[in-house]
Amino acid sequence: MIPFFTRLHLFRKPGNLLAFACLFLLLSPGAAWAQQAKFTINGFVRDKQTGENLIGVGIFNPKTGQGTTTNNYGFYSITLPQDSISLIVSYLGYERLSFNIFLNRDLEQNFNLTANNELKTVEIVGTKEEKIRESTRMSTISVPIAQIKTLPALFGEVDVLKTLQLLPGVQSGGEGSTGLYVRGGSPDQNLILLDGTPVYNASHLFGFFSVFNADALNNVELIKGGFPARYGGRLSSVLDINMKEGNMKEFQGEASVGIIASKVTLEGPIKEDKASFIVSARRTYIDILARPFMNKENGVFGYYFYDLNGKVNYKISQRDRLYLSAYTGYDKFYGQFDDSELEDKMHVGWGNLTSALRWNRIINNKLFANTHLTYTKYQFDIGNEQTTQFRNDRGELETEKFSLNYFSNIRDFSLKTDFDYTPSTNHYIRFGAQYIKHSFKPGALQIEESNPEPGAANNNFFSQTLGHESGVYVEDDIKITDLLKVNAGLRLAGFYVDKKLYHSLEPRVSARFILNENWSAKASYARTSQFIHLLTNSGIDLPTDLWVPATGKVRPQLADQVALGVTRTLFDEAVEVSIESYYKAMNHLIEYSEGADFLGTTDNNWQDKVTSGEGWSYGTEFFVQKKLGKTTGWVGYTLAWANRKFPELNGGEMYPYKYDRRHDISIVVSHQLKDNITVSGTWVYGTGNAVTLAEARYGIGSYNTIEDIGSRNKFRMAPYHRLDLSLNQTKKKKWGETVNSFSIYNAYNRKNPYFLRLEEGYDTGNGRPTAVFKQISLFPILPSFSKSFKF
Amino acid sequence: MKMLQKTAQLAAAFLAVISFSACETVVEVPIPAHTPKLAVRYMLPDQEPDTLFYQLFPQYQPYINHSQSIYSGAELKGVNDAMLTVTDQHGNVVETFKRSNGFGYGASDDGYYEPVTRFKAQPGQKYTLSVSAPNYETVTGKLTMPSALSGLRASFQKISAEEPGGNFAIVQGRVSISLPDNGSENNYYVLYGVLLDDRYVANGRDVFQEETDEDAALVGNEFQNIHFSPILYGDANPFDDKTFNGNTVSFTRKAMLYYGKANTPPRYLRIYVHSITEDTFKFLKSLKMYNDNGNNPFAEQTRVLGNLEKGYGYFGGFTSTYFDIELPK
């Protein structure tokens with residue numbers, strides 16, 4: 001049981017604790033810097049060719065070891081003593097840059113780095129160039145988009161989330177799924193941010209692709225634990241994805257044609273070095289390709305999805321910059337059945353709409369501010385339209401129409417301001433505040449009839465719940481000694497709903513201690529709260545899952561996570577090794593009660609369909625990564641347990657979480673055969689998902705047979721394993737380059753389980769009735785090809 | 001309801017698409033070997049369980065079946081050689097049973113029993129059911145009979161009457177009920193309506209049936225867990241007093257009365273409130289949910305909650321209260 005309020009006397013009033021934290025940060029050892037003559041260098045680090053801001057670039061003084069990194073907008077600020085200094089600006093995949101100066105005044109200095117076209121690799125570090133051994137952050141992964149594009153892909157569609165699933169502590173839900181299950185948490189516990197805006201459903205095609213078009217992305221970072229205080233609102237992970245800003249120098253494009261989808265990305269300056277844009281679009285065409293082969297008498301089915309990304313940015317002044325970005329995507333499955341009397345159309349669709357307006361402001365050379373106004377919406381809908389033609393008693397042709405649309409959505413408006421304050425190289429202070437207005441419609445039904453029955457009318461049934469979420473935070477990355485560095489922070493979160501105010505005080509701390517030249521030890525603790533829930537079917541994950549708020553009856557989710565780990569580097573930092581163990585306790589989780597479903601949820605009766613309980617997960621993650629050389633890659637292994645306990649489920653007994661996966665292995669290898677040819681392969685293995693199956697059946701009356709479902713999630717499906725291979729061949733052209741990508745998904749044609757169903761029949765040998773479990777598998781071996789063009 | 005069914009069909013079609021390109025493989029799931037157990041269904045009444053009683057409430061008739069492995073597709077036939085006894089809290093046998101036909105419409109004959117002594121159980125008293133049969137472990141269940149309800153009131157307001165084609169005439173109306181709940185305990189109920197002739201006898205053919213009411217302004221609309229249970233077919237709709245504990249709950253429900261055109265119209269409507277045990281409530285509620293969700297691929301799996309040791313099913317008990325309404329001519 002996790003207490004909701006801390007019991008420490010000093011912390012009874014949240015304001016006291018926040019004030020205490022600020023005082024601690026200012027009085028901590030590093031505060032001695034204030035008494036010496038120092039000057040500040042600040043500015044941006046950008047890609048020389050495109051003008052794109054670079055995130056996480058290391059800027060350090062090799063003489064003293066003091067340094068900093070650029071933030072999410074490429075901004076840095078470093079304060080150093082008056083001296084002759086030589087700054088190194090370093091970023092993986094770019095040529096190092098050296099900057100020498102006698103520092104005797106404050107200075108604004110931008111750096112433009114030249115790409116060296118070496119493959120960037122996945123970085124298990126706090127920031128990209130900060131060494132894994134030196135960073136205070138743990139459980140954090142940055143994935144360069146270039147790396148994602150070299151790995152094998154289902155149907156040739158490269159996918160950000162699928163790459164993340166290859167890392168320890170991150171699991172996929174099952175065959176083809178892009179759902180992320182991080183350290184025993186559920187998918188709703190991941191805060192997925194696209195340019196700082198939450199994306200509620202990151203899946204296309206029933207979960208087989210993510211909504212993120214890799215061509216439009218700049219940076220991907222996943223945090224599995226030890227969350228900095230600036231992030232809040234979810235229990236298990238933060239996935240922070242930044243879109244490209246658009247080339248400030250010249251117009252360029254990228255397009256690709258694949259088996260099931262094509263996409264195009266265009267970017268360029270609106271006004272050179274002042275304003276730029278990027279637009280990106282992707283659409284599948286399975287429906288169009290399949291249509292000629294369909295027999296219309298059996299009905300016409302189709303499925304497609306599309307994504308549209310757009311972003312413009314404008315430098316108002318040297319100190320101010322505006323970003324406007326938007327994303328929309330939609331999946332639609334549709335069917336149509338026609339005969340002479342009836343036209344019957346149906347569809348199932350779901351999609352996200354996000355938009356963000358951001359304003360960067362350099363307030364002074366040590367203080368950077370970002371104000372963020374966002375809107376996000378996720379909705380799924382199921383619709384049916386029937387048109388019937390018939391002749392009335394007088395022989396006249398009449399038409400009747402009936403339409404039904406069931407939908408569920410969540411919408412957020414958010415205003416957030418974040419500040420980055422770098423008073424010295426011993427402190428990196430962040431603080432800020434956020435307000436989110438959530439609007440939930442868990443279920444709505446719209447019915448229209450051209451000739452409604454007497455007493456019936458065209459009707460809309462729905463309910464709406466508003467929730468007001470707010471948060472304030474402060475955190476500091478403090479260098480206490482050369483060996484000990486701590487990131488300490490505090491977040492105060494509140495949620496007002498149904499005339500009830502929930503609040504949660506969340507201490508966050510992570511620390512690094514350097515043991516010797518190669519080894520460092522790390523530890524972290526984070527309390528997190530979540531004021532929204534996702535009601536999911538315990539069988540198959542579907543877009544029909546309902547987003548619902550904490551209410552007067554249903555309490556917010558809470559978690560406490562501790563993690564301990566060691567890291568080391570080998571072979572002159574070519575190889576990194578990390579081992580992390582974690583323990584996470586979660587409270588006030590919700591599940592559907594036995595027998596409940598989402599159908600008919602048109603008002604707040606969903607609260608009567610759920611039950612609340614607890615969860616625990618713990619495990620150890622091993623990670624070995626080779627970062628340099630012609631052959632790169634990693635091996636990850638996770639040994640983990642994830643359990644749940646709900647008083648009203650499974651007779652109140654603890655049971656394994658559906659995605660409790662004892663063993664999870666991933667091996668990723670990428671090899672540069674020639675300058676223009678890269679081959680790669682991935683192999684994954686995971687313990688089979690836990691399932692609930694009937695063990696026996698009995699009669700309880702004439703013709704009333706009951707199946708006895710045993711203990712919840714007692715059985716396991718077969719283990720999941722799969723080998724994917726790919727080859728990328730790049731060809732230079734006068735106008736740019738082409739990339740031919742060949743990939744084989746599931747190379748040895750493993751029949752991986754998707755779900756099991758019981759089928760009753762008769763034994764063909766003796767004619768006796770019998771029953772068997774049948775395993776449904778989705779994807780056999782799938783070779784694919786795609787061709788990309790860069791111009 | 002029609003809308004929800006439509007939505008369910010759409011959703012099922014959606015699910016079918018997921019396995020559009022799927023392939024199936026028979027897999028061996030290591031289900032542990034199953035030892036067959038007895039499955040029992042019996043409701044101990046506080047009134048004499050004569051033949052007419054079981055004709056009215058066939059779902060209360062003692063029934064014995066058994067279990068088998070999920071891999072066995074053999075027909076589950078009722079057990080005809082079982083021995084059933086009910087004992088009181090002093091260990092005295094108060095009821096024994098003999099084989100019988102099934103009184104419910106369309107019921108098979110296998111597995112049904114009827115009481116020999118027609119014992120009337122007493123509210124507040126404890127009873128134990130024991131069922132044994134060759135090749136099965138003996139099954140036992142215990143209960144304490146619920147206390148009786150007092151002060152039940154009801155009325156009927158006729159809306160219309162019609163005689164459509166066919167053999168039945170129909171009267172449509174609304175039943176208003178006032179049910180005083182005892183606040184000192186958790187109570188569980190099942191509500192029935194039975195049509196009686198002028199001698200207060202049910203003929204077993206006339207039917208009282210609750211209908212969906214479109215009028216959202218009706219009294220007691222907030223108590224959506226309270227509904228009449230069908231008499232002859234279907235599963236009971238038990239409800240608890242969580243939303244009105246200790247108060248008198250008043251509600252109105254729309255109803256249809258069906259009776260044979262050739263017969264005398266029913267004279268009385270008897271409203272039965274059966275106070276049931278908590279275990280009975282859990283069993284009936286989960287059984288109804290299980291049967292209702294049979295074709296819904298989106299519904300969570302349902303566990304039918306029994307209360308028997310070493311067997312499946314339930315040993316339930318009820319204490320009956322009724323109020324007779326004279327029907328308008």
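Under the annotation held in an unreviewed UniProt entry, chain A carries the name TonB-dependent receptor plug domain-containing protein and is attributed to Adhaeribacter terrigena. Turning to chain A, the UniProt annotation filed under Subcellular location (unreviewed entry) states: "Cell outer membrane". As recorded by UniProt, the Sequence similarities (unreviewed entry) comment attached to chain A reads in full: "Belongs to the TonB-dependent receptor family."

The next subject is the domain arrangement of chain B. Where interface size is quoted, it is often the accessible area lost as the parts come together. Residue and element names in this part refer to chain B. By the assigned domains, chain B splits into domain 1 (34–147 + 283–319) and domain 2 (153–277). Between domain 1 and domain 2, the C-alpha centre-to-centre distance is 25 Å. Counting residues at the interface gives 19 residues for domain 1 and 15 residues for domain 2. Looking at the side of domain 1 that touches domain 2, the elements with two or more residues in it are α2 (51–56), β8 (139–144), α3 (278–292) and β16 (312–326). The leading source of residues in the side of domain 1 that touches domain 2 is α3, at five residues. The residue inventory of the side of domain 1 that touches domain 2, partitioned by class, reads nine nonpolar, eight polar and two charged.

With that settled, the discussion passes to the pairing of strand β12 (residues 190–194) of chain A. Residue and element names in this part refer to chain A. The element β12 is largely enclosed, with a buried count of five among its five residues. Residues of β12 alternate between two faces, with N190, I192 and L194 on one and L191 and L193 on the opposite face, all of them buried. As paired elements, β12 and strand β17 (residues 237–243) share five bridges and run parallel to each other. Counterpart to L193 in the pairing with β17 is D240. Where β12 meets strand β13 (residues 197–198), two bridges bridge the pair, whose relative direction is antiparallel. Directly across from L193, in β13, lies its bridge partner P198. Connecting the antiparallel pair β12 and β13 is a turn made up of two residues, with D195 showing a positive phi of about 50°.

Looking now at the confidence of the model for chain A. All names here are of chain A. Of the residues in chain A, 88% have a pLDDT of 70 or more, and the chain-wide mean is 85. Predicted confidence for residues 1–15 stays below pLDDT 50, and this span has 17 contacts to residues more than four positions away or in other chains. For residues 124–129, every residue scores under 50 in pLDDT, and the model assigns this stretch 31 contacts once sequence neighbours within four places are set aside.

Before going further, it helps to examine α3(B). Residues lying three or four places apart along an α-helix face the same way, a consequence of the helix completing one turn every 3.6 residues. Its 15 residues give α3(B) an end-to-end C-alpha distance of 21 Å, which sits within 8% of 21 Å, the value for a rise of 1.5 Å per residue. Taken together, the buried positions of α3(B) are D279(B), T280(B), F281(B), K282(B), F283(B), L284(B), K285(B), S286(B), L287(B) and Y290(B).

In this section: the domain arrangement of chain A. Residue and element names in this part refer to chain A. As far as domains go, chain A holds domain 1 (38–182) and domain 2 (187–790). Of note, the centres of domain 1 and domain 2, computed from C-alpha atoms alone, are 25 Å apart. On the domain 2 side, the residues contacting the 67 residues of domain 1 number 102 residues. Sorting the residues of the side of domain 1 that touches domain 2 by element identifies β1 (38–47), β3 (66–69), β4 (75–81), β9 (140–143), α2 (145–150), α3 (160–164) and β11 (181–182) as the ones contributing at least two each. Ranked by the residues each element gives to the side of domain 1 that touches domain 2, the list is headed by β4, at five residues. Taken together, the residues that form the side of domain 1 that touches domain 2 break down as 29 nonpolar, 29 polar and nine charged.

Procedures and definitions
Residues numbered from 1 in each chain as written. Chains lettered and ligands numbered in written order. Predicted model: local features only at pLDDT ≥ 70, side-chain atom pairs only at ≥ 80, totals over all residues. UniProt positions renumbered as here; feature names shortened; annotations may be inferred. Domains from an automatic or database assignment. Contact = placed C-beta atoms within 7 Å. Helix = DSSP H or I, 4+ residues; strand = E, 2+ residues; numbered from the N terminus. Nonpolar A, V, L, I, M, F, W, Y, C, P; charged D, E, K, R; others polar. Buried ≥ 20, exposed ≤ 12 C-beta atoms within 10 Å, placed from the backbone. Pairing = 2+ DSSP bridges. pLDDT = per-residue confidence, 0-100. Expected span 1.5 Å × (residues − 1).

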